[in-house]
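The chain contents come next:
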Amino acid sequence: MADRELTFEVFRFNPQKPEIQPYLQTYKLNETTGMTIFIALNRIREEQDPSLMFDFVCRAAICGSCAMIINGRPRLACKTLTNTLPNKIKLFPLPVFKLIGDLSVDTGTWFRHMSLKTESWVHTSKTFDPKAQEERMDNETANKIYEAERCIECGCCIAGCATANIRDEFLGAAGINRVARFMLDPRDERTPAEYFEVVGSEEGAFGCMGLMACDDNCPMELPLQMQLAFVRRKIAAIGLGYKPKKGIKLA
Amino acid sequence: MLLQKTLTKSNKTDLYLDLAELTSGLLLVGFLWTHMLFVATILISQDMFNSLSEFLDKYYLSYVGIPFIVVVALFHFVIAGRRIPTRMQEQRIVWQHAKMLHHTDTWTWVFQTITGMAILVLAGIHVWMVTTGWPIRAVNSAHRMESFWWFYLVLLIVGEYHAGFGIYRQFVKWGWFPRKPIGYVTKAITAIILVLGLAAMFVFVQLGGAL
Ligand code: HEM
Ligand code: SF4
Ligand code: SF4
Ligand code: FES
């Protein structure tokens, strides 16, 4: 492995300068021990090309900002070691999200929209009393919620999902996983019908075609298949037993 | 919110469509696998094959079953077909995406839609050939098989592929069992059905040649 020369082919495009067509730029770099894509990109930017745009914050698989397409797969740049890859490494920004430039995309707007749409907060009628002792929760429930909470909003599951690539409004695995998280939470007082309103459509639970690119590509290894299926079954059961109010008609 | 979307907001349509997709898929796979087991009775003997067929005729099972399956298949085509990316740009996105991702389950889905459309045409021809050459007896089938073995070979592979991966996908989507074992089980069943189908075809073609 030692002394490999790596060839990076990097997608270059700046939406601010649309007159320059997207192109692939090649960089060469000598591999070092323990090198990640994150380290490699920083070296390229420092030593070869200060104009290269890409995102990172934590460099420790926590913030979710460095996700990109690495040799075809959506992955975290900071968690991907170059020694797991061939000499030629192709880098693209994530699809689905708004392109900021080169490898940098805006996942924040997408995730905020998703949070609002799924109403990602505990719906409760209780008023918060800062002096009271915290309510207890049994360990099993807490662990189940935590399993869904581990999502770092990197967007890999969305970028890898063919459905999300062609259906703008699809909430994707991250969104449906988010709903699962609140359905599991006993503090959330939403009624089954309210949950149905949120995900009982093809923009939510019924839009997923079961391609499993999310399950196979989540860097945090969330059990996305089981979360998607859990919500699908639950929402289907709710839907079969609930009567929506009649709407008004145009004509 | 937009007026047209607010007023047509789906309520439960998408749920019913998904359940219809599930039911039609399960019925069709159940049918196809049963059908192939019935065809495979030729491996035991011609008499066995003929008496099964006569039995199905006698109790009108064929006359009810065939139209029923045709209706379910058309229904399935419309319901499952709504997932097919029909606009040109969607097509380009899906192909580009599948090529980029090197991901098995994404490719199998692309072929799921292609084999589905192929089945629509091939199974239509198959049903027409069988019903116009009624009744189903070993001799008639052997004649058809001898002349059109290449057609049946394609239909067998395309149909088994679509059914095998289709039912795998349904189990994955509804999550009744873990994903990996379901993959092995559906692949194993598909392999068995394929072998039975090929063996039956071989016997039929031999039979056709001997007549
Ligand atoms: C009439 C021609 C047919 C067409 C056009 C067609 C088309 C499709 C398409 C596009 C899908 C993908 C749907 C999705 O990803 O959600 C699909 C799924 C499926 N098809 Fe077909 N198909 C046909 C016939 C059949 C037959 C004969 C069988 C049974 C052997 C079958 C069994 C299935 C199953 C089990 C699924 C999975 C459904 C699901 O995921 O819920 N199909 N079909
Ligand atoms: S399983 Fe569903 S959400 Fe996940 S990639 Fe496939 S279609 Fe998208
Ligand atoms: S579910 Fe996984 S892949 Fe999707 S955003 Fe969360 S951490 Fe990333
Ligand atoms: S830099 Fe934070 S996850 Fe990679």
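Since we're looking at a predicted model, the values are computed, not measured.

(A) Representation of the coordination of the iron atom of ligand 1. All names here are of chain B. For the iron atom of ligand 1, the full set of protein donor atoms is His76 (NE2) and His162 (NE2), at a range of 2.0 Å. Around the iron atom of ligand 1 sit 6 donor atoms, and with donor-metal-donor angles ranging over 86 to 179° the site reads as octahedral. Of the two residues, histidine 76 is situated in helix α4 (residues 61–81) and histidine 162 in helix α7 (residues 138–174); the sequence distance between them amounts to 86 residues. Histidine 162 shares its class with histidine 76; the two are buried.

(B) Focus on unusual backbone geometry. All names here are of chain A. The backbone of glutamate 119 sits at a positive phi, close to 50°, despite the residue not being glycine. The topology assignment puts glutamate 119 in the loop between α2 (107–117) and α3 (139–149). Looking at glutamate 119, the relative accessible area reads 29%, which means it is partly exposed.

(C) View of the site of ligand 3. All names here are of chain A. Around ligand 3, the structure places Phe111, Cys151, Ile152, Glu153, Cys154, Gly155, Cys156, Cys157, Cys218, Pro219, Met220 and Leu224. Because more than half of its atoms lie within 2 Å of the grid, ligand 3 is assigned to the second largest cavity. Residue classes in the shell around ligand 3 are distributed as 10 nonpolar, 1 polar and 1 charged.

(D) Quick look at a nonpolar patch on the surface. All names here are of chain B. There is a patch of nonpolar side chains on the surface, built from Val70, Leu74, Phe77, Val78, Leu120, Val121 and Ile125 and spanning about 560 Å² of accessible area. Contributing elements (two or more residues each) for the nonpolar patch: α4 and α6 (104–132). Top element by residues in the nonpolar patch is α4. It accounts for 4 residues. Positionally, valine 70 belongs in helix α4.

Analysis parameters
Residues numbered from 1 in each chain as written. Chains lettered and ligands numbered in written order. Predicted model: local features only at pLDDT ≥ 70, side-chain atom pairs only at ≥ 80, totals over all residues. Heavy atoms only, no water. Donors = N, O, S within 2.8 Å, 3.2 Å for Na, K, Ca; no water. Tetrahedral: all angles 85-135°; square planar, octahedral: opposite > 155°, others 65-115°. Helix = DSSP H or I, 4+ residues; strand = E, 2+ residues; numbered from the N terminus. Buried < 20%, exposed > 50% of the residue type's maximum accessible area, 1.4 Å probe, protein only. Near = heavy atom within 4 Å. 1 Å grid on protein atoms, 1.4 Å probe; cavity = no way out; pocket = protein on both sides within 12 Å on 5 of 7 lines; lining within 4 Å. Sits in = over half its atoms within 2 Å of the grid points. Nonpolar A, V, L, I, M, F, W, Y, C, P; charged D, E, K, R; others polar. Patch = residues over 30% accessible without salt bridge, like charges linked within 9 Å, V, L, I, M, F, W, Y side chains within 5 Å. Areas by Shrake-Rupley, 256 points an atom, 1.4 Å probe, with all protein chains shown as cover. Salt bridge = Lys/Arg side-chain N within 4 Å of Asp/Glu carboxyl O.

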